Amino acid sequence: MTSQRPVRVRYAPSPTGDPHVGNIRTAIWAWLHARHTGGQFLIRIEDTDQSRKVEGSVERILASLEWLGLDWDEGPDIGGPYGPYVQSERLDLYRAAADRLLAGRQAYRCFCTPEELDAMRARQREQKRPPGYEGRCRNIPPEEAADRGAREPHVVRFAVPEGGVTVAEDLLRGPIEVANDTLDDFVILKSDGFPTYHLAHAVDDPAMQITHVTRGDEWLPSLPRHALLFDALGEPRPIYVHTPIILAPGGGKLSKRHGAKSVLEYAEDGFLPDAVLNFLCITGWGYGDETVFSRERLIEVFEIENLSLNPATFDMDKLTWLNGVYLREMPVETLAEMIAQRLERELPADVYRPLDRGLVEEATPLIQERIQTLADVTPLVDFFWQSEVPTPPADAFLQKKFRGQPVEAARLLTASARTVEATDPFEAAVLEERMRALAAELDVKVGDLFTLVRVAVTGRRVTPPLFESMEIVGQGVCVDRIDAAAAMLAEVPQPEPS
RNA sequence: GCUCCCAUCGUCUAGCGGUUAGGACGGCACCCUUUCAAGGUGCAGACAGGGGUUCGAUUCCCCUUGGGAGCACCA
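Chains are numbered independently. Their residues run from 1 in the order of the written sequence. Throughout, the order in which chains and ligands are written sets their labels, letters from A for the former and numbers from 1 for the latter. Selection of residues for local features in this predicted model requires a pLDDT of at least 70, selection of side-chain atom pairs for listing and counting requires 80 or more, and totals for whole chains, interfaces and linings are taken over all residues. Side-chain metrics in this entry use all non-hydrogen atoms of the structure; hydrogen atoms and water are not considered.

**Looking at the sheet that holds strand 4 (residues 155–158)**
Rule in force here: In this analysis, strands are considered paired if DSSP registers two or more bridges between them. In this text, helices come from DSSP runs of H or I with a minimum length of four residues, and strands from runs of E with a minimum of two, each type numbered from the N-terminal end. Between the N-to-C directions of two axes lies an angle of 0 to 180 degrees, each axis being a line fitted to C-alpha atoms and, for a helix, fitted only over the stretch in contact.
Here three strands make up an open sheet; going across it, the order is 3-4-7 and the pairing antiparallel. Taken across any chain shown, the strands that pair with only one partner, and hence form the sheet edges, are strand 3 (107–110) and strand 7 (187–189). Mean inter-strand twist for the sheet, computed between neighbouring axes without regard to direction, equals 45 degrees. In the sheet, strand 3 pairs with strand 4 via four bridges, with the strands oriented antiparallel. Residue pairing for strand 4: Ala107 is matched across the bridge by Phe158.

Right, here's the structure in full:
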């Protein structure tokens, strides 16, 4: 138990689309870090690239967090003491910071055109030299630069100190050293007046009193730049936590193809928020021998310094299994509600709505331990709602013991129909007892007999428990379907016993 | 090409100088069983390689190899 002061952490997505699981995992960890220490979690929208902005993203991002049950203390929708929480509304702050650096000659105006920069990079590639800005505009006298700056388009670049080494600390990795010569003069203010990520980060995180910057480790190479920037601005550096990325199952980058889906898509696919939260959290983090963690348990034991450093592979099988665990542990009433919603959406249009809730509640316990996601529900129980279940083709019956034995199958089904018909009261337990007795009487294995009946009544070889299902379907319908199947099989021509 | 990061079963991980290297998913076998599940039991399966440091390295250091990331007026 490490004693930790309350932290202030943030999730700072750019509104360029739905957050995918790798991205949201970092948010989960930051959120847990905040909740574990009794600190604050806030959201800041990083929309400094107008061209990449996607309409509706902010809403989708917030909806994603809400679905996962991650609540925030300050953010674009609810405001807070350090707002605004949208970077495009904070341009004055970035401008002021850039001006300060300019005045202190820690930054300079650069008038190189994109074409010139392209040419420079081409030259560097040709000469096998590392790419990077070479400082053409660094030595323009400040007065002249300011003068030109009033008329000409330009960017502002940070003047990286020449020589020396910059050391920056990552909470998980310790000090990271980089020679300043390997750093080029990066842009901090774009020609359109918007800041780059670097400047926005160095301005906003201190302004918002952020104690720990949790972000993807693709930022690690930029860490020294940020350290330099913070120093130049006279801001104390935050504690950095760079989190590893998630890999696709085959290895390599996680793409839409391999589960880099957005969290909202997982909701669609029938996954539960708690299961996704649990899964994402434990891919890249572990706590002793535990695997299944409730939300409360995660808040209790999650320590951000225990994050794993190696990139994790997204294990879809494990997510699916974990979702099944949550489904099974859920109170039946809660599950029934979710199943009802699924069925309302997925059952064929010709099924009468609203659905009979009593039926849903009867069916739910039958399938609770048979589903791994809510998407498994409908195919498993739809026959309960189908008034017309067509008799399946003969092949569905004539498997295993009954291969080539349509007459025998028909005979057993007919006998079953009579037994089902005579069962009173028509309850699963009674039915089972009678059918077992029938199997003994006819000298067939119960499994063989029950399979015939199962296929006749449900149209499937795999179903929820047979007698409970039959009770739900109803006596008359069961008898009709079994008789229909027997009649159909009686028509099948016997194979020539050649 | 340059810079940085990472390295325990197939996968996610525990381990933080001395362990029969533990757990989970997945796989296999058996049990239970009306199908399918669920559940139970068991089995197979890892410290990338080489140097050091140390009485002793999975653990600390270096190199190699292998992965990954970055090198934009994107974040």
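**Some remarks on helix 17 (residues 428–442)**
Here is the rule we go by: Helix span, as expected, comes to 1.5 Å for every residue beyond the first. Each residue gets one of three labels from its accessible area relative to the maximum for its type: buried under 20%, exposed over 50%, partly exposed in between, using a 1.4 Å probe on protein chains only. Residue contacts follow a heavy-atom distance rule, with two residues in contact if any of their heavy atoms lie within 4.5 Å.
Between its first and last C-alpha, helix 17 extends 21 Å over 15 residues, near the 21 Å set by a 1.5 Å rise per residue. Burial in helix 17 covers these residues: Ala428, Val430, Leu431, Met435, Leu438, Ala439 and Leu442. Of the surrounding secondary structure, the elements contacted by the buried residues of helix 17 are helix 16 (406–422), helix 18 (446–458) and helix 19 (466–473). After helix 17 finishes, the residue Asp443 shows a positive phi value of roughly 60 degrees.

**Concerning the confidence of the model for chain A**
Condition: Residue-level confidence of the predictor is summarised by pLDDT, bounded by 0 at the bottom and 100 at the top.
Summary statistics for chain A give a mean pLDDT of 93 and a share of 98% for residues scoring 70 or more. Confidence metrics for the complex model read pTM 0.94 and ipTM 0.96.

**Remarks on the pairing of strand 2 (residues 40–43)**
The line we're drawing: If you view a crossover with the strands going away from you and the path from the first strand over the helix to the second runs clockwise, you call it right-handed.
Summarising the sheet, strand 1 (residues 8–11) and strand 2 pair through four bridges and their orientation is parallel. Within strand 2, the position partnered with Tyr11 by the bridge is Ile43. Handedness of the crossover joining strand 1 and strand 2 through helix 1 (residues 21–37): right-handed.

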